[in-house]
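Observations on chain architecture
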Amino acid sequence: MKEEYQRVFDAIAGIPPGRVASYGAIAARAGLPGRARLVGRLLGEVPDGMQLPWFRVLRSSGEIAMPAGSRGFREQCRLLRAEGVEVENGRVPLSRFGLDADVDRELWGLP
DNA sequence: AGAATGACAATGC
DNA sequence: GGCATTGCCATTC
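Presented here is an overview of the structure given in this document.

What counts, and where the lines are drawn
- Residues numbered from 1 in each chain as written.
- Chains lettered and ligands numbered in written order.
- Predicted model: local features only at pLDDT ≥ 70, side-chain atom pairs only at ≥ 80, totals over all residues.
- Heavy atoms only, no water.
- 1 Å grid on protein atoms, 1.4 Å probe; cavity = no way out; pocket = protein on both sides within 12 Å on 5 of 7 lines; lining within 4 Å.
- Points joined across faces, edges and corners; volume = space filled by probe spheres on them.
- Helix = DSSP H or I, 4+ residues; strand = E, 2+ residues; numbered from the N terminus.
- Nonpolar A, V, L, I, M, F, W, Y, C, P; charged D, E, K, R; others polar.
- Salt bridge = Lys/Arg side-chain N within 4 Å of Asp/Glu carboxyl O.
- Buried < 20%, exposed > 50% of the residue type's maximum accessible area, 1.4 Å probe, protein only.
- Core = buried A, V, L, I, M, F, W, Y, C linked by side-chain atoms within 4.5 Å.
- Contact = heavy atoms within 4.5 Å.
- Near = heavy atom within 4 Å.
- Polar contact = N/O pair within 3.5 Å; in protein donor to acceptor, adjacent residues only side chain to side chain.

**Details of the layout of surface pockets**
By volume, the largest pocket amounts to about 420 Å³. Every residue lining the largest pocket is counted, 21 residues in all, and those nearest its centre are Leu43, Val46, Asp48, Trp54 and Met66. Mapped onto the lining of the largest pocket, the elements with two or more residues apiece are helix 3 (36-45) and helix 4 (71-82). At five residues, helix 4 tops the list of elements feeding residues into the lining of the largest pocket. Its residues assigned to classes, the lining of the largest pocket comprises 12 nonpolar, six polar and three charged.

**Describing the pattern of salt bridges**
All told, the structure shown has six salt bridges when counted by the stated rule. Notably, a salt bridge pairs Glu83 with Arg56, separated by 2.5 Å at the nearest N-O pair. Of the two residues, Glu83 sits in the loop between helix 4 and helix 5 (94-97) while Arg56 sits in the loop between helix 3 and strand 2 (57-58), which places them 27 residues apart along the sequence. For Glu83, a relative accessible area of 27% puts it in the partly exposed group.

**Re the nonpolar core**
One finds Val8, Ile12, Ile26, Leu43, Leu80 and Val92 to be the most contacted residues of the largest nonpolar core, which totals 33 residues. Those elements that provide at least two residues to this core are helix 1 (3-13), helix 2 (23-29), helix 3, strand 2 and helix 4. If you tally residues by element for this core, the top one is helix 1, at five residues. Leaving out residues up to four positions away in the same chain, Ile26 has contacts with Val8, Ala11, Ile12, Ile15, Ala21, Val39 and Val57.

**Digging into the protein's contact with DNA strand C**
Neighbouring DNA strand C are the residues Tyr5, Arg35, Arg37, Leu38, Arg41 and Arg91. Across the atoms of DNA strand C situated within 4 Å of the protein, the share located in sugar and phosphate is 69%. At a separation of 3.2 Å, a phosphate oxygen of DNA strand C approaches a polar side-chain atom of Arg35. In this structure, Arg37 approaches DNA strand C through a side-chain N or O atom, which is 3.4 Å from a base nitrogen. Examining the composition of the surface near DNA strand C, we find that three residues originate from one element, helix 3, more than from any other.

So this is what it looks like as structure tokens:
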């Protein structure tokens, strides 16, 4: 596995419970700005049951990035709600649960 | 090599 | 907020 991939996994694992982050944010946190798609590709190949909070990763708009109604979709909603995250119509209000620059700094100690 | 595809994103209307 | 465009990266045909 490439270094980059590992860093992405770390970044995802670094999302605190009850919070969500966008693909772009993860990529950036992993030191791979502009590689949001890479993140998405990795998550797609992560087997279910793997110890990774993949469900905390959403699109920049806050919506779940899979076909509504699909198995993974429901699973993601369930897991998120289990952590206290509001999921309304397959979407999460990033204004409250999303990691923004401020939280990011406080949490991960970025400059 | 060239084109299409995908759990994406930023910008402009 | 929706829709189209453009940029991106890795993989697969």
